[in-house]
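Coordinate analysis (summary)
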Amino acid sequence: KNAIKNCDVFWDLSNHNMPFYRANNLDVMIKKKGIFGPYVFHKNQKEMKALIREHIIFCGTLNDRRKELIKNFIGPKVKIVQRVYGKKLNRMIDQSAGVLNLHFADGVYTELPRVLSAYNRRRVLVSEMLASPFISSQHYINANSYEPQNAKEIFANFSTLVSDKYSFEILLKEISS
């Protein structure tokens, strides 16, 4: 509470976290100082790169939940990548059709590092439900009911949304006003 009280601006990556602030009687302070949203993207739109392969990449820690979801995934083959970072991971994403995002635990939230990796490498995201503002089948392919869709159109929708409304530049303007 003191940290929020003593700061000039408070940034939370997700609107989905607002119930926490209400439950802890912080919503009045947050309304005055809070900025919510995934403002981590470039202001310039990107185009999806041409597909090289049909598999998708899952990068991250495997727990029982994720193993089971990958085992039962109905869609393209999933290549699991662990403890790979930087240029090597970028090359692996570049050689895939997309990035699979699976939550570590049940819930609706957005793992922005994985989302950002997919976007920066110009690959479509296949994901469990993400928090607002991202909409299933419009901004990403739903991992729970995978159907072949127009990946280029979905990527373009995602790119338009994040470049128009969630660029880091917009955050800086919001903070400075």
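Below is a short write-up of the structure. (Residues numbered from 1 in each chain as written. Predicted model: local features only at pLDDT ≥ 70, side-chain atom pairs only at ≥ 80, totals over all residues. Heavy atoms only, no water.)

1. Points about the nonpolar core
One finds Phe 41, Leu 100 and Phe 134 to be the most contacted residues of the largest nonpolar core, which totals 40 residues. Sorting the residues of this core by element identifies β3 (56-59), β4 (78-81), α5 (86-94), β5 (98-101), α6 (112-120), β6 (124-127) and α7 (151-165) as the ones contributing at least two each. Here this core gets six residues from one element, more than from any other, and that element is α7. For Phe 134, the residues in contact, after removing those within four places along its chain, are Pro 38, Phe 41, Thr 110, His 139, Tyr 140, Phe 158, Leu 161 and Val 162. Core analysis: the second largest hydrophobic core is formed by eight residues, Cys 7, Phe 10, Met 18 and Leu 26 among them. (Core = buried A, V, L, I, M, F, W, Y, C linked by side-chain atoms within 4.5 Å. Buried < 20%, exposed > 50% of the residue type's maximum accessible area, 1.4 Å probe, protein only. Helix = DSSP H or I, 4+ residues; strand = E, 2+ residues; numbered from the N terminus. Contact = heavy atoms within 4.5 Å.)

2. Examining the packing of aromatic side chains
Throughout the structure, instances matching the rule amount to 11 aromatic pairs. Judged by centre distance (5.6 Å) and plane angle (65°), the ring pair of Phe 73 and Tyr 146 falls under edge-to-face. Here Tyr 146 lies in the loop between β7 (141-142) and α7 and Phe 73 lies in the loop between α4 (64-71) and β4, a separation of 73 residues in the sequence. Classification of Tyr 146 by relative accessible area gives partly exposed; the value is 22%. Between Tyr 119 and Phe 158 the ring centres are 5.4 Å apart and the planes differ by 55°, which places this aromatic pair in the tilted class. Taken together, the residues Tyr 119 in helix α6 and Phe 158 in helix α7 connect sequence positions 39 residues apart. What makes Phe 158 buried here is its relative accessible area of 6%. Clustering of aromatic rings is evident, with ring pairs tying together Phe 41, Tyr 119, Phe 134, Phe 155 and Phe 158. The aromatic ring of Tyr 119 is capped on one face by Lys 46, whose charged end is 5.3 Å from the ring centroid. (Phe/Tyr/Trp six-rings, centres within 6.5 Å; stacked < 30°, edge-to-face > 60°. Lys NZ or Arg CZ within 6 Å of the ring centre and 35° of its normal.)

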